[in-house]
Each structure stands twice: as C-alpha cells, then as structure tokens.
Amino acid sequence: MDHSSTMKWLHSLERFGIRLGLENIYRLLEALGNPQNRFASVLIGGTNGKGSVAAMLQSILTRSGYSTGLYTSPHLVQVEERIRIGYDNISRQELEDALQKVKETAERLTKEKTLSGHPTFFEILTAVAFEIFALRKIKIGVVEVGMGGQFDATNVLLPVLSIITNVSMDHTDYLGTTVEKIAMEKAGIVKRYGILLTGETKGVPLNVFADACKKKRSLLINALIDSEFSLSSDGTVTIRTVMDEYKHLKIPLEGDHQIENARIAIRAAEILSDKGFAINRRNIAEGIEKTVWAGRLEWVAGDPPVLLDGAHNVAGMKVLSKYLRTLKQRGKEIRLIFGAMKDKDIEGMMKIVLPLADSVFLASPEMERAATPDDLQSLARRFNNNIRKCESLKDALRAASEKRSSRVISIKSREPMQDAVICICGSLFLVGAFKSLQTC
C-alpha cells in the first residue's frame, strides 16, 4: 500500500482527471533540465497490444546488452510497476526520491502561474519516469503512450522509432467517435523525418497513417506485411521477416494475438539494428522468450485456477473470447467475474464475452470510475441467464470457487488441469484488485 506523504500527494492528483495537451509537461520537464532528451527512445501507441509490444521490445534490447527503461500504464498493484529498469521495477525509495523532486518543481511552477493548471497524475508520473531514466543513464527507453498520441504527455519525446500497434474504438470521449478520428489522434506520434511501424491492417487507419507520414516526410512500415509465421506441433512459432528468420520461438505470453505482437516487436528490433543498435538474431529470440507482462491472459494457480485478462474494450474482448472458446472446446466450465469502468463500451464487451460463460459474477474495483454491480446487472442479463451480483471482488471469488463437480479433464496444455476456470476480465483495475488480494 502507498502510505508516504509524497505517494498520498501523487494519488490526490487523480482528482484532476485526464488532461490532454503538452504545454504543462513541456514546461515541467524544462524546469527539470529536460531529462527526456538524455536517452534514446521508442514511443509505442495503439488501442491494444502496445504494452505487450513494449515489454517484448525492451526485453530484446536488454538481452542485447543495453541499459533500458520501460514506462507503461496503468499499474496493477503498485505504482513502481509502471517504471522498469531492465527486468526490474524501480524501488519504492527511488520512486519517492524522484517524485519529491518533481513535486517541488511542479508546486513552484504552479505558484508562479507558469503552468496552465496543476499537473495531472499522469503528467507527474511521466516526468518522474523520464527523470529516473536520465539519472540511471539508460541508453534507450521504451515508452507506452497513455492515451491517444498527439496530446499525450509522452509525446514530448523525439523517438528513434514510433510504433502504432492498431486502432479500434476506445476512449471515445477523448479521442473521437470514429476509427478515423482515433487514428488521427494516434498518428500524432509520427515525427518529422521519422519512422512509423504499425501492425494495423484496416484501410481507414492505414490511410490516416500514410497521410501523416507523407506530411511529416516519414517512412511507414507495416510489420505484418513485412513478416509471416508458422506454428510447430511443439507449440513454438517460426517468424520470417523481410530481414531474417527466427525459428522455434517460445512466446511466453498466452494467446494467438501475441504472435502478432511478437512480429511487431521483432520488426522494431530490426529497424533499431539498422539505426545502429547492436541487436542480433539470438538477442531477439532470447528477448521474446524472457518477456514478462502481467495481467494479460495470465494464469494463477488455484482451485479453480484463475485466468486474468485486462481486456477493457471490444477489440480486447474479441481476443479473450477466442481464447475462452479454446478452453470450452476442451471441456472447461467458464466462471466469469466481470467488472468495468463506467466510460467503457460495457454492452459491447458483454455481448462478446458473457455468452461464453457458464456463470457470471459481477464485481467492481473500489474506484469512483467503476460501474457498480447494480449498474451492470440488468445489462448482463441480456447476454447470460446465470448472473450473480456480488458485493466485492472477494465475494465474487468466494462464490465462483464453490465446488460443483469432481470431474477432472486431462489435457496437454499449459493451463491447469481442473475442469472449472475462473476468468477475471473487463478492466485492468479489476485484475489489479485481484493481485492486491493475493498480497494481503
């Protein structure tokens, strides 16, 4: 738990909500000595998959011998998870030391009325991450865009490479109500004379990216056009790109979509190699295989075992539903614990995943943004007849863990062997709440 005065101050900033724009972050970073300019960077945006791609690419760079930083959001349990040096989260003390410096600077600028408004939670943490990266003298930072791109606080970077994984409907209150408008916001990370790598396949966003690159005189590269893959009976995958071939890769992250993410990460590593980074085929293979990315189709041992997935939009639910169908085909009973934020397309998500569940338990993390079980219940009944409203996640877990069968199915797979599975989904905050319960 976060108890120090500096951490309490940081969390108090959540009251300022989301503010898209670069004026404040530029002025804050300038007052700190522009730490963002003291390391090379890769900036990764997109609707889904950007965190997985970021984790894979940073792992590749780390295995290549570089001092690396990773900045992602949100965290699941502790804020330190957002800032990683190599494979390790920063320490609480390191976070608080950097936060104190940024806090003092922000308060001074606010008092001087240098800023247009008090910095938000995300602006402060972005400044903290860049300050730590500079102090640690990393060679390259892999940075995940928080929301959109054009006006996201991370877009102060001048990256060696920009990546947009894909575009689908999410954060429509802020980014626009069409795929084209959202793509335009995300294309804001394209830099003049830069390189944009994408894994997008839809025509509308691709046209937006092409226009943005033309205006900025930047190169557009499509990772999925530039690569192909084949699966082996042993569960490994071979990925062939326009540059090389990577045989029998073991992708540790569950789900077929991670093959697509790996193709993007590999092409990114190849582009960085062309830009002077010493990265070879072995580094890439080892980096992919050592990737750790929690809360995305993550199995937790138990009785029944728990599958955690932070999918929180329609596109993410489609990926999860594909995985759940494979479990049902193997005879698994799906006990679904669902919760979501109020500002999400809850009906769209429910429509995809709830019909696959044998039973549904409605719960929510203790957040003002979260939809309550009462909010969810009437909507959920449209898609599943076996709905139970729960007072808390702990109550939902207790109800979902009730013994109903002694049947055990033996299957040759990485997931556990029991016949029932608890799946927690709908929000990364719900996944984080589960992980918090584990640490109590």
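(A) Highlighting the overall build of the protein. The helix and strand tally for the protein stands at 15 helices and 17 strands. Rg of the C-alpha trace for the protein: 22 Å, near the compact-globule value of 22 Å for 440 residues, within the 12% margin. Considered along the principal axes of its C-alpha atoms, the protein spans approximately 60 × 55 × 40 Å. For the protein, buried positions account for 58% of its 440 residues. The contacts of the protein with a sequence gap of at least 6 include a subset with a gap of at least 24, amounting to 75%. Split by element, the accessible area of the protein, about 19,000 Å² in all, is 49% carbon and sulfur.

(B) Up close: the pattern of salt bridges. One pass over the full model with this rule turns up 23 salt bridges. Linking Glu 94 and Arg 136 is a salt bridge whose minimum nitrogen-to-oxygen distance equals 2.9 Å. Note that Glu 94 is positioned in helix α4 (residues 92-111) and Arg 136 in the loop between α5 (121-135) and β5 (140-144), a separation of 42 residues in sequence. One salt bridge connects Asp 226 with Arg 267, and the closest N-O pair in it is separated by 3.2 Å. In this pair, Asp 226 sits in the loop between β8 (219-222) and β9 (227-231) while Arg 267 sits in helix α9 (residues 257-274), placing the two residues 41 residues apart along the sequence.

(C) Here's a closer look at the packing of helix α1 (residues 5-12) against α4. Where α1 meets α4, the closest approach of the two axes is 9 Å, and the angle between their N-to-C directions is 60°. It follows from the interaxial angle that α1 and α4 lie oblique. Read as a crossing pair, α1 and α4 show a hand that is left-handed. Contacts between α1 and α4 pair Thr 6, Met 7, Trp 9 and Leu 10 from the former with Arg 92, Leu 95, Glu 96, Leu 99, Gln 100, Lys 103 and Glu 107 from the latter.

(D) Structural detail: unusual backbone geometry. Residues Ser 73 and Pro 74 are joined by a peptide bond in cis, for which omega reads -10°. By the element assignment, Pro 74 lies in the loop between β2 (68-71) and β3 (83-85). Between Asp 303 and Pro 304 the backbone carries a cis peptide bond, its omega angle lying at 0°. Positionally, Pro 304 belongs in the loop between β12 (296-300) and β13 (306-309). The backbone of Asn 34 shows a phi angle near 50°, a positive value even though the residue is not glycine. Here Asn 34 lies in the loop between α2 (23-31) and β1 (40-45). Classification of Asn 34 by relative accessible area gives partly exposed; the value is 25%. Despite not being glycine, Lys 137 shows a phi value in the positive range, around 55°. Relative to the elements of secondary structure, Lys 137 occurs in the loop between α5 and β5.

(E) Here's a closer look at the sheet that holds strand β15 (residues 359-362). Strand order in the open sheet formed by six strands is β12-β13-β17-β14-β15-β16, and the pairing between neighbours is mixed. Whereas interior strands pair on both sides, the edge strands pair on one side only; in this sheet they are β12 and β16 (387-389). Looking at each pair of strands side by side, their axes are set apart by 20° on average, direction ignored. Two elements, strand β14 (residues 333-338) and strand β17 (residues 420-425), share six bridges in a ladder whose sense is parallel. Note that in β17 the partner of Ile 334 across the bridge is Val 421. This element, helix α14 (residues 393-400), spans β14, β15, β16 and β17 of the sheet and lies at about 170° to β14. Sitting on the sheet, helix α15 (residues 428-439) touches β12, β13, β14 and β17, and the angle it makes with β13 is about 135°.

(F) Region of interest: α1. Every buried residue belonging to α1 is among Thr 6, Met 7, Trp 9 and Leu 10, and all of these are buried. The buried residues of α1 occupy one face: seen down the axis, they fall within an arc of 155°. Turned more than 90 degrees from where α1 packs its buried face, Ser 5 and Lys 8 sit exposed. In this structure, the buried side of α1 is in contact with α4 and α5.

(G) Local environment of the pairing of β9. One ladder, built from five bridges, connects β9 with strand β10 (residues 237-241); its direction is antiparallel. The residue bridging Phe 229 from the neighbouring strand is Ile 239, located in β10. The turn joining β9 and β10, which pair antiparallel and follow one another in sequence, is formed by five residues; a positive phi near 90° is taken by Gly 235.

(H) Layout of the nonpolar core. Counting 54 residues, the largest nonpolar core has Leu 10, Ile 124, Val 128, Phe 130, Phe 133 and Phe 209 as its most contacted members. Per-element accounting of this core gives the leading share, 10 residues, to α5. Each residue touching Ile 124, except ones within four places of it in the same chain, is listed here: Trp 9, Leu 10, Leu 13, Leu 28, Leu 99, Val 102, Ala 106 and Pro 119. Core analysis: the next-biggest nonpolar cluster, separate from the first, contains 40 residues, Val 237, Leu 253, Ile 264 and Phe 277 among them.

(I) View of the layout of surface pockets. Each pocket or cavity is described by its volume, and for the second largest pocket that value is around 310 Å³. In terms of lining residues, the second largest pocket is bounded by 16 residues, among which Leu 76, Glu 81, Arg 84, Asn 89 and Ala 294 are the most central. Among the residues forming the lining of the second largest pocket, the class breakdown is seven nonpolar, four polar and five charged.

(J) Quick look at the sheet that holds strand β4 (residues 88-89). Strand order in the open sheet formed by eight strands is β4-β3-β2-β5-β1-β6-β7-β8, with mixed pairing between adjacent strands. The open sheet has two edge strands with one neighbour each: β4 and β8. Pairing geometry for β2 and β3, over three bridges, is antiparallel. Bridge pairing in β3 places Gly 69 opposite Ile 85.

Rules used throughout
Position numbers for residues start from 1 in each chain and track the written sequence from start to end. Predicted model: local features are reported for residues with pLDDT of at least 70 only, side-chain atom pairs are reported and counted for 80 or more only, and whole-chain, interface and lining totals are derived from all residues. Side-chain metrics in this entry use all non-hydrogen atoms of the structure; hydrogen atoms and water are not considered. Helix and strand definitions here come from DSSP, where helices need a minimum of 4 consecutive H or I residues and strands a minimum of 2 consecutive E residues; each element is numbered from the N-terminal end. Only C-alpha atoms enter the radius of gyration; for comparison, a globular chain is expected to reach 2.2 Å times N to the power 0.38, where N is the number of residues. A 1.4 Å probe rolled over the protein chains alone gives each residue an accessible area, and that area as a share of the maximum for its type sets the label: buried under 20%, exposed over 50%, partly exposed in between. Whether two residues touch is decided by their heavy atoms; if any such pair falls within 4.5 Å, the residues are in contact. To be clear on the numbers: accessible area is Shrake-Rupley with a 1.4 Å probe, and residue cover counts the displayed protein chains and nothing else. The working definition used for a salt bridge is a side-chain nitrogen of Lys or Arg within 4 Å of a carboxyl oxygen of Asp or Glu. Fitted lines through C-alpha atoms serve as axes, helices being fitted only where they are in contact, and the angles separating the N-to-C directions of these axes extend from 0 to 180 degrees. With respect to orientation, any angle under 35 degrees is reported as roughly parallel, any angle over 145 as roughly antiparallel, any angle of 65 to 115 as roughly perpendicular, and every other angle as oblique. Crossings are assigned a handedness: left-handed for a near helix turned anticlockwise from the far helix by less than a right angle, right-handed for a clockwise turn. Pairing between strands is defined by DSSP: at least two bridges between the two strands are required. As used here, the arc belongs to the directions running from the helix axis to the C-beta atoms. Put simply, a nonpolar core is a bunch of buried Ala, Val, Leu, Ile, Met, Phe, Trp, Tyr and Cys residues held in one set by side-chain atoms that sit within 4.5 Å of each other. A cavity here means a set of 1 Å grid points, computed over protein atoms only, where a 1.4 Å probe fits but cannot escape. A pocket is an open set with protein on both sides within 12 Å along at least 5 of 7 lines, and lining residues have an atom within 4 Å of a point. Grid points are joined across faces, edges and corners, and a volume is the space filled by probe spheres set on the points. Residue polarity is assigned by list, with Asp, Glu, Lys and Arg as charged and Ala, Val, Leu, Ile, Met, Phe, Trp, Tyr, Cys and Pro as nonpolar; anything else, Gly included, falls into the polar class.

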